[in-house]
Amino acid sequence: LTPTPTPSPVPSPTPTSSPRNGPDISVLAGLPRTETLVLAEDEPRSLDPALSQDITSHLYVAHLFSGLVRLDEGLRLAPDLAKSWEALDGGRRYVFRLRPEARYHNGRPVTAQDVAYSLERATDPALDSPTAATYLSDILGVPDKLAGRAKSISGVRVMDNLTLEIAIDAPKPYFLAKLTYPVAYVVNSENVRAGGTEWWREPDGTGPFMLKEWKKDE
């Protein structure tokens with residue numbers, strides 16, 4: 001399987017002029033509008049990719065985190081943290097090779113161990129993810145992990161720091177598309193463990209945007 005090349009970024013639109021006597025929307029918080037992401041939504045319920053299930057939370061999570069693969073502007077499958085992948089055994093095993101330049105916002109390199117940790121965490125029955133069963137149960141061992149019959153996912157194997165193998169229960173052409181859902185996004189284990197139950201209020205993700213500040217109810 002040859003991955004679709006990552007498309008070139010779409011240029012940001014030129015800000016329109018402000019209404020007469022109205023606020024200057026081309027500048028926000030001292031930053032040019034073309035350098036600022038504005039999401040006109042309510043507060044997210046959670047920025048934890050494994051727990052996010054509402055549209056508002058997804059909107060933020062998708063800008064702060066990323067996964068092995070993504071959907072491009074045309075809803076085509078494209079590489080993300082994985083620069084490439086290979087389907088083996090008739091589509092029962094996938095070998096992902098990570099981009100060596102992939103980094104968390106704090107600068108730490110992203111590794112295959114991080115991907116495995118994120119999948120193990122998302123399927124931990126103690127976390128009670130509302131979406132893990134729907135999007136990750138094709139992976140061998142996930143149903144047993146979710147049911148508490150196994151301590152780890154048998155279908156996930158770290159081959160080296162930049163290579164990960166995922167085995168699924170049967171060939172499924174839609175499997176890779178399911179990995180674009182937030183529950184499959186990669187989180188920083190150090191960030192999760194240091195931040196307590198609401199670690200996601202100061203998330204250290206791998207997405208194109210960083211959260212600088214969150215003022216509750218603003």
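Refer to the preceding data block for the structure.
*Asks:* Please provide a residue-by-residue account of the nonpolar core, values included.
*Replies:* If you look at the biggest cluster of nonpolar residues, it comprises 33 residues, and the most contacted ones within it are Leu68, Phe96, Leu136, Ile139, Ile166 and Leu179. Taken together, the elements giving at least two residues each to this core come down to strand E5 (82-88), strand E6 (93-98), helix H2 (112-122), helix H3 (132-136), strand E8 (163-167) and helix H5 (175-178). By residue number, the principal contributor to this core is H2, which donates 5 residues. Excluding residues within four positions of it along the chain, Phe96 makes contact with Leu68, Ala82, Ser84, Trp85, Leu162, Thr163, Leu164, Ile166, Leu176 and Leu179. If you look at the next biggest cluster of nonpolar residues, it comprises 10 residues, including Val61, Leu64, Trp199 and Trp200.

*Asks:* Outline the pairing of E5, listing residues and values.
*Replies:* Bridge count for E5 against E6 is 6 bridges, and the pairing is antiparallel. In the strand pairing of E6, Glu86 is matched with Val95. Once E5 ends, the chain turns through 4 residues before running back antiparallel as E6, passing Asp89 with a positive phi of about 50 degrees.

*Asks:* Mind laying out the side chain of Lys178, listing which residues take part and the relevant values?
*Replies:* Along the chain, Lys178 falls in helix H5. In terms of polar contacts, Lys178 uses its side chain to reach the side chain of Asp138, at 2.7 Å. For Lys178, the contacting residues outside a window of four places in its chain are Thr134, Tyr135 and Asp138.

Quick notes on the rules
- Residues numbered from 1 in each chain as written.
- Predicted model: local features only at pLDDT ≥ 70, side-chain atom pairs only at ≥ 80, totals over all residues.
- Heavy atoms only, no water.
- Core = buried A, V, L, I, M, F, W, Y, C linked by side-chain atoms within 4.5 Å.
- Buried < 20%, exposed > 50% of the residue type's maximum accessible area, 1.4 Å probe, protein only.
- Helix = DSSP H or I, 4+ residues; strand = E, 2+ residues; numbered from the N terminus.
- Contact = heavy atoms within 4.5 Å.
- Pairing = 2+ DSSP bridges.
- Polar contact = N/O pair within 3.5 Å; in protein donor to acceptor, adjacent residues only side chain to side chain.

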